[in-house]
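Chain by chain, the residues:
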Amino acid sequence: MGVKGSLAFCLCLTLFGLVYLQNDQPKMDVVLLMDSSDSHRSQNFDNEKKFALEFVRQTFNKYAQISLYTFGSSAYSQFTLNAYNDIQLMKQAITYMWYSTGDGDVSTAVEYTIKNGFSNSAGGRECVPKALVILTHSPIGEQEALRISTVLKTERIRCFILNMAGDSANANFITITDASTRTIPITDFTALESSATTITSLVKTDLPSTGCGRFSGWGNWTTCSVTCDIGLKFRSRHCIKLEDTDKDCEGQFTEESVCIMPNCTEPVNGAWSDWVNWGTCTKTCQNGTQRRTRQCDRPQPRNGGKSCPGVRIQTRPCAEWKCPDCNKACPAGAHISKSCDACECSSVTLFGQIMDTTKHAVEGAEIFLESSKYKPIAKTDRFGIFSKTGICILNENIYIQAPTCESKHFAPKELNATHWTLINATLEKYIPPVITVQPHDKVRMVGQSLSLCCAADGKPVPSAFKWFKNGIELENLGTNGTLKFSSVQKSDSGSYHCYTETEAGVTLSEDVQVEVHDFKEDTCGAPHSKLQELPHGCYLTSNTSRNNTINVGDCGKALCMKSSLHDNGSCSDYWPHHCCNAKDVDVLDITCDGFSYKTTRIKSCECKPCVFKTTVTGRAFGRQNGTDIPFRIGQVLVNGKIAATTNAAGFFKFDVPKGIKRVVATFHDKVFKKFMDTTKIIQVKEGGETFSTIVIPLRPQPIPFHTENGTEIHLGTGPSGMPPAGQLSIPTNAIVTPDGQPFNGTAKTILHFMDPRNRDDIESANGDFESESPGGDKVPLKTYGMFQLSIEDDKGKELKVNKPLKFTLDASQFNIEHDENGDPDLSLWDYDNNKGVWVETAKMKYKQQSNTRRKLLEAVSIEAFFHPPRIPDLKFNDVHYERVWTGRYTNCDHSVKIYENVVRRTPKAGICYASISVYTDMNLKEAYTGGDIEIKAYVKELDNSSYIGANKATYLRNGHTCLQVFCDKLVYIHVVRNGKERFYAANHHLPYPGYIRDTNDNEILFESRDLGRSIDCSMYPPGTVCEGPMYQKVSGGRCNRVGINDQTFQFKFAPFTKAPEHNYVAGEGVYDKKLSWYPVSPAKSTFRSCFMKVRVDIVDTFDIRFFAKSHLKDVNGDEFGSYSTGPTPDPRKTDLTVRGACIEFRCPGYIKDGNKEIFDLDTAIEVRMVTSNRNLRCKISKTNSLINITPITDATKGDIGFTFIAKAGINYGSRYGIFISDSTPKQVEQFCDSGFDRGPNVKGLMDPTQSTAVEFDCT
């Protein structure tokens, strides 16, 4: 039993700390709970005050908050955590505080204080250590102690107790503190004040895990990122997480500082800026001149570098009309104006409304008299309406010009003696030029000829072209669109593109490559080295060293040219596509453990015809509550035509013409109307198959409103119930029918808003986040939201808007970019479906709200901005599919400047490239070259407030890509195959530990900073090139030169297992021989592919492969070749022990042996399991009862394989576990993976449990 009048003192610490330092000034929230019950307050309360004053003196710092509670019969707050930030005021409050009366239960007071003392309303802070100090003269019961202990552990609270209740209270106090060292005995009240030092020290040195990560200290500064001129140096820190569940650190992981080095001496070639807008005409009449300029400053030539080729100033004629004639004869009763530009008739009025070909009013159109084009008589308002009184109209024609339309002449119509009007005054809407004929890659031999062609469409139609080689203009060459070479030389090799410009804008073609070789027969040359790793335990029979790696050679299938082929001046090579392929091969015998097989080695290459087919496949779907909703029976529109229709699972496929590398595809839900119309950009791999995942927003529920009242619609709610991002306002009486008649009554709005605070919204965004510079180059956009609006009546019929709409963005939700004047650097953008880019339509400005301190952004009023189509769709080749649109998207974006102003003397730019390599497996040796993956990046503000963009790459150059992202932002990157199977984030080669902030579900998170050459290379193995993985745009060339095995810093990804491998005895691409794997070309309708599905249950072993040989008739028959693949788990599940493999075999049936054709031959398949795990023992646990499987058994290893004879004439199907179809191998493999050969369940993802032929148990 303790001394009479004893007190217990408890300090309980809650640690949510994000950033805390174990020093004398930790960040803490401290609450004192003091016992002022009636029985002891008179003689002891003053001592408690002294303790409190001393503890506050030692604990208080600029990072700490302190609160005070007292309790008698109940607990009471004297002051909250956020009450005082001055220690003197706090001490004064303690000195003069009053105490609670009565006697109460200490455990009740503790629980009350834990619940209320650290609440947000009381000033409690998240991720900050929180301390609770309790003074009491009574012990706490066992059950109460257990209850409090549970709360403390749940809330991550550490408790320290000053025990004045005696030894008998120790056990329950230790239950609460969870350690005897945190229970401190105090013998009497006079020792309280001196114990403050002990408690303070103990708290600072015994902090538990907080549930939040904490930053390490800053590392040393790097060296400068450049060796000359202006660069950056960096230092970094990383987030320390004691537990996997700890929250991420919030704050900067890296800091940078400008460093100035000696001036560079290397030559720098100059490059042109974009042309500025045309200046004003030098005259108002009688033939003037306009000019525009550009500067050679991107960059300026330095240190002897070349100046920019071409002219700095361009001129064109203007004001090609006569000047005013003061002797002009006017109608009777009229007189010439003082400026002599018109005859004045005081009672005559000309009026009208100007529309464009999209049936929208034209704002700002200038109205001229035909006889005086130098001075407008009127200008249209935002409704396209104009009126002018006092001008004589008799015998005059009207000339109209507008910024967005082609100029046109009209004959006015006389309504009566005083009023004239324009009937059907419609201007042709400008359509920016679009390349309709792209130049093609060409390969030639020295002395041969070639032609590169460009053609474009638009309003007006482009008529003049420019050509560029390696970015330098070829002056006065190919101006009609065709660039011809009569006798090419090696110096003509390079990258070419064409350019055209009209009043509506500019456009560039794709870059194409011209290669010129000095060979005699063809351009192929000798085979390249290609090392192939044989299955485990296999070796070349003739190789005594038994090395399991052989060189099989590779011709590359590159575009090629023969000396016997001659260009006829056509834009496309008129002969069938030729590529470098095998000419002579050696058949090699491979010996393995228990079996053997044959493969081939290429001895020589030749240029010969080969199949060239570019195909886009993919899957389209929407997302709802985490569930994928297939885009069923939807139309895929390319160039106004239906290119494909999705199946029940949302899969689609279409072919792409040669020369096209970028497809603008619109997805239209004509049948079910569950999805919004969405346009996506698909980068394709020429000559191969590109898989693309398309996420489409679901159609939202219509919102009814009465047209006489208008409506205001909130846009987005963000994650976790965040406030709306903005609002869209439809004015009163703004709705009309398609023919322009007013609509009064109830209308329904269908409004989809892409909220940049939501990841799923970003993925379903319309198009790519890019526009075009004045020179036609792609310019990235930072998004602040995107919306699509359509309006219909109660029967679903389309309605239109004939008044400007207002879009308002809540600036407090985003990090707003500003221009040099402090105005928001934001615009609204309309989508050009012809080119697949965003086009700026309206600037945004601040609007100060009178009833709030928060600023909002409001768009300049624009008319009918949200109605399709603002930019008309071109009719390609006179074939055009008339679409029923659900609305056109509008984007609120900031255009990122790629080049910074030189005067700022900053080395930074807005765009960076991430260096990413993808490999065939986790050995990280061989490049992944398949077209079935997508590398996806999502870019977010550093403060995590919102996403600002996304990008993806579908094409790899020898396993590597440079993916464009914004600099100095948070970037999430993952690699996905066939839309679902994520590749593993491998052992990245990065500058320092902690460069990657987090890895979750094989998606990496990092900060996109270009470190340049600032890393100290002495810290790394010899040969390391200390640059990357981020490169600024100006250094993008260095990124593009990176190889997958280079020792630069780069991100690395690989699949669970190595991609399938083929060995063709007759040679790849050979279709007409007895032992050809495919007896007919894939281009023929009789082409077939065959797969069988095998399941294996296995633990830990990851290098297991199924090696399958296909034989003619039986296993002793001639060998067609082999197929090797590794089993993979279901990518939607975490269980890695259940895996499946789809094994391709040579289809039974047709064989062509010379001139002899046979249609009923069987194929025997011999399948072996191969692994380095010598202790693995398996058994065939199940076979499909509809087929005959013969196990292959080893005395020590169990069942190591099986044989199966595929009968000719049987199509088999999913119920056999055998999949045969007249489709490409890729498509049939998707059937096999899914376990279904038709219907919505065909998702192309491995499901090892569905429709198997054979099952192994290796557990």
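Anyway, here's the lowdown on the structure attached to this text. Small disclaimer: the values here were computed from a predicted structure and weren't measured.

### Here we look at the overall build of the protein chain
1) Next: The number of helices and strands found in the protein chain is nine helices and 87 strands.
2) Next: Along the first, second and third principal axes, the C-alpha set of the protein chain runs to 115 × 110 × 70 Å.
3) Next: Relative to all contacts within the protein chain whose residues are 6 or more apart in sequence, the contacts with residues 24 or more apart total 69%.
4) Next: As presented, the protein chain carries roughly 56200 Å² of accessible surface, and 47% of it is formed by carbon and sulfur atoms.
5) Next: Taking the average location of the 144 positive side-chain charges in the protein chain and that of its 145 negative ones, the two points are 2 Å from each other.

### A few points about the sheet that holds strand β38 (residues 578-591)
1) Next: A sheet is described by the order of its strands in space; here three strands give the open sequence β36-β38-β39, paired in antiparallel fashion. Edge positions in the sheet fall to β36 (539-540) and β39 (596-609), since each of these pairs with one other strand and no more.
2) Next: As judged from the two bridges shared by β36 and β38, these two strands associate in the antiparallel manner. The partner of Tyr 539 across the bridge, within β38, is Thr 591.

### Some words on the sheet that holds strand β18 (residues 378-379)
1) Next: Reading across the sheet, the four strands line up as β18-β17-β20-β21 and stay open at both edges, with antiparallel pairing between neighbours. Where the open sheet ends on each side, the last strands, each with one partner, are β18 and β21 (405-410).
2) Next: Bridge count for strand β20 (residues 398-402) against β21 is four bridges, and the pairing is antiparallel. Within β21, the residue paired with Ala 402 across the bridge is Cys 405.

### Notes on the state of the cysteines
1) Next: The tally for this structure, following the rule as stated, stands at 23 disulfides.
2) Next: Sulfur-sulfur distance for the disulfide between Cys 239 and Cys 249 comes to 2.1 Å. Here the S-S torsion is close to 80°, and the disulfide linking Cys 239 with Cys 249 is therefore right-handed. Separated by 10 residues along the polypeptide, Cys 239 in strand β10 (residues 239-240) and Cys 249 in the loop between β10 and β11 (254-260) bring together distant segments of the chain.
3) Next: Since its relative accessible area comes to 19%, Cys 239 is described here as buried.

### A word on the nonpolar core
1) Next: Core analysis: the biggest nonpolar cluster contains 50 residues, and Met 1092, Phe 1106, Phe 1202, Phe 1204, Ile 1218 and Phe 1256 have the highest contact counts within it.
2) Next: With five residues, strand β74 (residues 1089-1097) is the single largest residue contributor to this core.
3) Next: Contacts of Phe 1204, omitting those with residues within four sequence positions, involve Met 1092, Thr 1163, Ala 1164, Ile 1165, Ile 1187, Asn 1188, Ile 1189, Tyr 1212 and Ile 1218.
4) Next: Core analysis: the second largest hydrophobic core is formed by 38 residues, Ile 911, Ala 914, Val 918 and Phe 1049 among them.

### So, unusual backbone geometry
1) Next: With omega at 0°, the peptide bond leading from Arg 298 into Pro 299 counts as cis.
2) Next: Summarising the element assignment, Pro 299 is placed in the loop between β12 (288-293) and β13 (313-318).
3) Next: For the bond from Lys 459 to Pro 460, the omega torsion is -5°, close enough to zero to count as cis.
4) Next: Following the sequence through the fold, Pro 460 ends up in the loop between β28 (455-459) and β29 (465-469).
5) Next: If you check the backbone angles, Asn 424 has positive phi at about 50° while not being a glycine.
6) Next: Judged by its relative accessible area of 67%, Asn 424 is exposed.
7) Next: Positive phi, normally seen in glycine, also occurs at Ser 1251, with a value near 60°.
8) Next: If you trace the backbone, Ser 1251 turns up in the loop between α9 (1225-1234) and β87 (1254-1257).

### A closer look at empty space enclosed by the protein
1) Next: Overall, the coordinates contain 10 cavities of 30 Å³ or more when judged by the stated rule.
2) Next: By volume, the largest cavity amounts to about 260 Å³.
3) Next: Lining the largest cavity are 17 residues, and of these Lys 680, Glu 763, Asp 768, Ala 950 and Lys 952 lie nearest its centre.
4) Next: Listing elements by their share of the lining of the largest cavity, those giving two or more residues are β46 (678-683), β47 (689-695), α7 (759-763), β63 (933-940) and β64 (947-953).
5) Next: Tallied by class, residues from the lining of the largest cavity come to nine nonpolar, three polar and five charged.

Conventions used here
- Residues numbered from 1 in each chain as written.
- Predicted model: local features only at pLDDT ≥ 70, side-chain atom pairs only at ≥ 80, totals over all residues.
- Heavy atoms only, no water.
- Helix = DSSP H or I, 4+ residues; strand = E, 2+ residues; numbered from the N terminus.
- Contact = heavy atoms within 4.5 Å.
- Areas by Shrake-Rupley, 256 points an atom, 1.4 Å probe, with all protein chains shown as cover.
- Lys, Arg positive; Asp, Glu negative; His and termini not counted.
- Charge placed at Lys NZ, Arg CZ, Asp CG, Glu CD.
- Pairing = 2+ DSSP bridges.
- Disulfide = S-S within 2.5 Å.
- Buried < 20%, exposed > 50% of the residue type's maximum accessible area, 1.4 Å probe, protein only.
- Core = buried A, V, L, I, M, F, W, Y, C linked by side-chain atoms within 4.5 Å.
- 1 Å grid on protein atoms, 1.4 Å probe; cavity = no way out; pocket = protein on both sides within 12 Å on 5 of 7 lines; lining within 4 Å.
- Points joined across faces, edges and corners; volume = space filled by probe spheres on them.
- Nonpolar A, V, L, I, M, F, W, Y, C, P; charged D, E, K, R; others polar.

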